[in-house]
Structures are given as structure tokens and as C-alpha cells.
Amino acid sequence: HIMKLKLYQKNTLSVLFIVVGGVILFNLAFLLTAFVTNAVISFSGMSSQSGVLNNIGRIISLLLILLISWSVFRSRLNDTIKATFLTMPLMVMLVIIGIGLYQQSKLIIAGIGAVLIFAVILYIHKKKLSWLYYFSTSYVAALAFYIMLSGMDI
């Protein structure tokens, strides 16, 4: 006998899925970035201290993550899975902004991150997507803001 969930129960499970799935995807994205960056450095034969090679690795990783994300967003998967997947490219882009602008003030970093988040929210609104996408975007924005303010190293 299958129990039918009430709407608030489904919504709660969706939120939990996005939060837990997002953390897993963040870690996978950072592992992928480390792997790609180390591969770029290894194949180049240059020092791992090369900022250019680190940036090339990050750019290649970002492109891979965006390509994977694009294919997920174009699929027939449900909104909970797609909204969960949205957390990964968003967090990666915000982290790359933070790393790239590390020497700048936190206000500048937060401002550029806010522009990215605002653009995503406008897109979600324009496409009339589910509230789950707003939640995942807000979750990533809050988490990235916390990471920035706490001084946590990534």
C-alpha cells in the first residue's frame, strides 16, 4: 500500500533533495576542477605555481560543468533534479568570481556575484520556472555569501 504524500511533504522533500544534492554536486565539481587543473599542469610540464595554468584548468572545468548542466537542463528530468543541478554551475561561477577577485574588496565580489544571481532570477522569472529554481538560486547565493563573510577557504 503506497502512501500518498501531501503537497507540503513533497515540497519539504524537494528542498532537502536540493540542499543535500547541491552539497554533493559542489564537491563533485571541485573534485573535477582539481583533477582538470592538475591534468593541465601535468601535461604542460610547468610549475604548479603558474597562475595561468590554474586559470586554464578552472576555465576548462567551468566549460565542462556548463556543458553537463546544459544537457541536464535540456533533458526531460523533473524540476527537482534540474533545480538541484542548477546549484552546481551557480556555485562554481560564484567561487570562480571570488577566486578571480580575491584581492578586491568583499563588496566588489558580492556585487558581481549579486549581478550573476539577479540575472539567473530574471531568467527563471522570464521562463516562468518552478519555485524550486528560485529556492536553489537563493540557497547558493546565501551559502556563497556565508563562505565569503566567514573567510572560509575553498
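Counting of residues starts from 1 at the beginning of each chain's written sequence and follows it residue by residue. Confidence filtering applies because this is a predicted model: local features only for residues at pLDDT of at least 70, side-chain atom pairs given and counted only at 80 or more, and all residues used for totals across whole chains, interfaces and linings. For side-chain calculations, the full set of non-hydrogen atoms in the structure is used, while hydrogens and water are omitted.

**Brief notes about the overall build of the chain**
Here comes step 1: Here a strand is any run of E in DSSP of at least two residues, a helix any run of H or I of at least four, and the numbering for each starts at the N terminus. Per the secondary structure count, the chain includes five helices and zero strands.
Here comes step 2: Starting at the N terminus and ending at the C terminus, the chain contains elements arranged as α-α-α-α-α.
Here comes step 3: With the C-alpha coordinates of the chain rotated into their principal frame, the extents come out at 60 × 35 × 30 Å.
Here comes step 4: By definition in these notes, contact holds between two residues if any of their heavy atoms fall within 4.5 Å. When contacts within the chain are restricted to residue pairs at least 6 apart in sequence, long-range pairs at least 24 apart make up 62% of them.
Here comes step 5: For accessible areas, the Shrake-Rupley method is used with a probe of radius 1.4 Å. Any residue's cover is judged against the shown protein chains and nothing else. When the accessible surface of the chain is totalled, it reaches about 10,100 Å², and 71% of it is carbon and sulfur.

**Quick look at the nonpolar core**
Here comes step 1: Ranked by size, the top nonpolar core spans 21 residues in total, and within it L90, M91, L94, L116 and V140 carry the most contacts.
Here comes step 2: Mapped by element, the contributors of at least two residues to this core are α1 (7-44), α3 (79-100), α4 (106-126) and α5 (131-150).
Here comes step 3: In this structure, A29, I65, V72 and M88 belong to the second largest nonpolar core, which totals eight residues. Put simply, buried Ala, Val, Leu, Ile, Met, Phe, Trp, Tyr and Cys residues joined by side-chain atoms within 4.5 Å make one nonpolar core. Partly exposed describes any residue whose relative accessible area lies between the buried limit of under 20% and the exposed limit of over 50%, with all areas from a 1.4 Å probe on protein chains only and scaled to the type maximum.

**What about unusual backbone geometry?**
Here comes step 1: Within the chain, K128 stands out as a residue other than glycine whose phi angle is a positive 55 degrees.
Here comes step 2: With respect to the secondary-structure elements, K128 resides in the loop between α4 and α5.
Here comes step 3: Here K128 falls in the exposed class, since its relative accessible area comes to 73%.

**A short note on the packing of α3 against α4**
Here comes step 1: Only the stretch in contact is used when fitting a helix axis, every axis being a line fitted to C-alpha atoms; angles between N-to-C directions are given from 0 to 180 degrees. For the pair α3 and α4, interaxial distance at closest approach is 9 Å and the crossing angle is 155 degrees. Classified by the angle between their axes, α3 and α4 sit roughly antiparallel to one another. Crossing hand, α3 versus α4: right-handed. Contact residues: L86, L90, M93, L94, I97 and G98 in α3; I109, I112, G113, L116, I117, V120 and I124 in α4.
Here comes step 2: Partitioning the contact of α3 with α4 into residue classes produces eleven nonpolar, two polar and no charged. Here the word oblique covers every angle except those under 35 degrees (roughly parallel), over 145 (roughly antiparallel) and from 65 to 115 (roughly perpendicular). Less than a right angle of anticlockwise turn of the near helix away from the far helix marks a crossing as left-handed, whereas a clockwise turn marks it as right-handed. Classification used: nonpolar for Ala, Val, Leu, Ile, Met, Phe, Trp, Tyr, Cys and Pro, charged for Asp, Glu, Lys and Arg, polar for all others including Gly.

**Digging into the confidence of the model for the chain**
Here comes step 1: What pLDDT expresses is the predictor's confidence in each residue, scored from 0 to 100. Per-residue confidence for the chain gives a mean pLDDT of 92, with 97% of residues at or over 70.
Here comes step 2: Across the chain, element-level confidence peaks in α4 with a mean pLDDT of 97 and bottoms out in helix α2 (residues 51-73) with 92.

**Thoughts on the environment of K4**
Here comes step 1: Inspection of the secondary structure assignment puts K4 in the segment before α1.
Here comes step 2: On the basis of relative accessible area, K4 is assigned to the exposed category, the value being 72%.
Here comes step 3: Sequence separation between K4 and L66 is 62 residues; the distance between their C-alpha atoms is 36 Å.

**Quick notes on the side chain of T87**
Here comes step 1: Tracing the backbone through its elements, the reader meets T87 in helix α3.
Here comes step 2: We call two N or O atoms a polar contact when they sit within 3.5 Å, provided that within protein one can donate a hydrogen and the other can accept it, with sequence-adjacent residues counted only if both atoms are side-chain atoms. A distance of 2.5 Å separates a polar side-chain atom of T87 from the backbone oxygen of T84.
Here comes step 3: Here T87 is in contact with I18, G22, L25, F26, S136, Y139 and V140, once residues within four sequence places are set aside.

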